[in-house]
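Single-letter residue listing:
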Amino acid sequence: DRRQRQMCIRDRSRERATIIKERSIEKNRNHAMTTARFEHKKALRRFDKRMKLLNLQIEEIEKELHELVLKDAVLKKKLAYLMCIPGVSFVSSITVIAETFGFSLITNSKQLVSYCGYDVVLKESGNYQGQSRISKKGNKHIRAILHMPSMTAVRVNPTLKPFYERLKPKKAKPIVALVAVQRKLLVL
């Protein structure tokens, strides 16, 4: 029963992510229409209807997720623990829980980092010394959902903000330090 509920939560979480992408596509399409030379009033009305539908579907899915969490005390406790981390929201924490099946198959932080694709790989052969990067061979849903919480965490989280500030000058691109924060958030 719990496994089935976790599968349902994961499916809802992924469905929400898909609708968010669709909404972004529609916003870009609307921007193209409104900045075009000729105004398409009927197309703009259809756009408004699509946006209302997509927003309604996102609200419905989030409501379903809240209801599913309320039915499981263990899941509710894990969710409350994750949400107490500054910068982590309901949606990001429920996605991490759903994608890892409540951390049931994870035994240590190294395994979790590898499962999510945040493990560092070196590109080198013989005398060639390439750059290190994350493998990205893991769960893309977790990596995608942790982007915004990491951006919030570097502003408000008392432990991650100094960590980010310490790493940022050492890296060529600020996104590298942000990915390190995402990895640290995941381990937390």
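No experiment lies behind these values; they were computed from the predicted model shown.

**What to know about the nonpolar core**
Moving on, step 1. Counting residues in each nonpolar core, the largest one holds 40 residues, and the members touching the most others are I9, F90, I94, Y118, L146 and L186.
Moving on, step 2. With residues near it in sequence (within four places) discarded, L146 still touches V96, Y118, Q182 and L186.
Moving on, step 3. Counting five residues, the second largest nonpolar core, distinct from the first, contains M33, A43, F47 and M51.

**Quick word on the environment of A144**
Moving on, step 1. If you trace the backbone, A144 turns up in helix 6 (residues 140-145).
Moving on, step 2. With 141 residues separating them in the primary sequence, A144 and R3 have C-alpha atoms 23 Å apart.

**A look at the layout of surface pockets**
Moving on, step 1. Of the pockets and cavities examined, the largest pocket occupies roughly 860 Å³.
Moving on, step 2. The leading source of residues in the lining of the largest pocket is helix 9 (residues 174-187), at eight residues.
Moving on, step 3. For the lining of the largest pocket, a count of residues per class yields twelve nonpolar, four polar and eight charged.
Moving on, step 4. Roughly 470 Å³ of volume is contained in the second largest pocket.
Moving on, step 5. Taken together, 19 residues form the lining of the second largest pocket, with R16, A17, H141, A144 and I145 sitting closest to its centre.
Moving on, step 6. Every element with two or more residues in the lining of the second largest pocket is listed here: helix 1 (2-34), helix 4 (90-99), helix 6 and helix 7 (147-156).
Moving on, step 7. Sorting elements by how many residues they give to the lining of the second largest pocket places helix 1 first, with seven residues.
Moving on, step 8. Classifying every residue of the lining of the second largest pocket gives seven nonpolar, seven polar and five charged.

Procedures and definitions
- Sequence order sets the numbering: in each chain, residues are counted from 1 along the sequence as written.
- In keeping with the predicted nature of the model, local features appear solely for residues at pLDDT of at least 70, side-chain atom pairs appear and are counted solely at 80 or more, and the whole-chain, interface and lining totals rest on all residues.
- Side-chain numbers here rest on the full set of heavy atoms in the structure, without hydrogens or water.
- Side-chain atoms within 4.5 Å are what join buried Ala, Val, Leu, Ile, Met, Phe, Trp, Tyr and Cys residues into a set we call a nonpolar core.
- Remark: exposure states derive from per-residue accessible area (1.4 Å probe, protein chains only) relative to the maximum for the residue type, with buried under 20%, exposed over 50%, and partly exposed in between.
- We call two residues in contact whenever any of their non-hydrogen atoms come within 4.5 Å of each other.
- Secondary structure elements follow DSSP: runs of H or I no shorter than four residues count as helices, runs of E no shorter than two count as strands, and numbering proceeds from the N terminus.
- Buried and open spaces are told apart on a 1 Å grid over the protein atoms alone, a cavity being a set of points where a 1.4 Å probe fits but cannot get out and a pocket being an open set with protein on both sides within 12 Å along at least five of seven lines. Residues with an atom within 4 Å of a point are the lining residues.
- Grid points are joined across faces, edges and corners, and a volume is the space filled by probe spheres set on the points.
- The classification used treats Ala, Val, Leu, Ile, Met, Phe, Trp, Tyr, Cys and Pro as nonpolar, Asp, Glu, Lys and Arg as charged, and all other residues, Gly among them, as polar.

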